[in-house]
Amino acid sequence: MAKPNDTLVELNQHTKRTGIVAFFKESFRELKRVRWPKRREVVVYTAACLLVCAILGVLIWAFDIGVSAAMSAIGVD
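*Asks:* Help me understand the overall build of the protein chain, please; the structure alone is not making it clear to me.
*Replies:* Looking only at helices and strands, the protein chain has 2 helices and 0 strands in total. Evaluated residue by residue, the protein chain yields a buried proportion of 3% over its 77 residues. Of the roughly 7700 Å² of accessible surface on the protein chain, 67% is carried by carbon and sulfur atoms.

Structure (structure tokens):
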């Protein structure tokens, strides 16, 4: 069984933050490495999301109408 001190990981100098300026410098450096989606991808993903939301909305509405009809049929209003 390993001793707890055997698994310590030392932080390198690049990952240490020294202040707010360093934080923003590192943040902008990370944003440069991000792979931003193309306009077409955003449009397709947005359309897919809206379609799924609309379908789920209709399903929930239909379920609600069905439960309301069932409750009315058994006399619970």
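*Asks:* I tried to follow the packing of aromatic side chains on my own but got confused; where do I start?
*Replies:* The way to describe two aromatic rings as a pair is by their centre distance and the angle between their planes. Taken as a whole, this structure holds 1 aromatic pair when the rule is applied. With a centroid separation of 5.3 Å and 75° between ring planes, the pair formed by F23 and F24 is classed as edge-to-face. Relative accessible area serves as the criterion here: at 33%, F23 is assigned to the partly exposed category.

*Asks:* For this particular structure, what's the right way to read helix α2 (residues 39–73)?
*Replies:* Because each turn of an α-helix spans 3.6 residues, side chains separated by three or four positions end up pointing in the same direction. Look at α2: 51 Å from first C-alpha to last across 35 residues, which is about the 51 Å you get at 1.5 Å a residue. After α2 finishes, the residue G75 shows a positive phi value of roughly 90°.

*Asks:* Quick question: what am I supposed to make of the state of the cysteines here?
*Replies:* By definition, a disulfide is the covalent link that joins the sulfur atoms of two cysteine residues. Applying the stated criterion to the full structure yields 0 disulfides. C53 provides the cysteine sulfur closest to C49, a residue in no disulfide bond, and the two sulfurs are 4.2 Å apart. Overall, C53 belongs to the partly exposed group, its relative accessible area being 48%.

Calculation notes
Residues numbered from 1 in each chain as written. Predicted model: local features only at pLDDT ≥ 70, side-chain atom pairs only at ≥ 80, totals over all residues. Heavy atoms only, no water. Helix = DSSP H or I, 4+ residues; strand = E, 2+ residues; numbered from the N terminus. Buried < 20%, exposed > 50% of the residue type's maximum accessible area, 1.4 Å probe, protein only. Areas by Shrake-Rupley, 256 points an atom, 1.4 Å probe, with all protein chains shown as cover. Phe/Tyr/Trp six-rings, centres within 6.5 Å; stacked < 30°, edge-to-face > 60°. Expected span 1.5 Å × (residues − 1). Disulfide = S-S within 2.5 Å.

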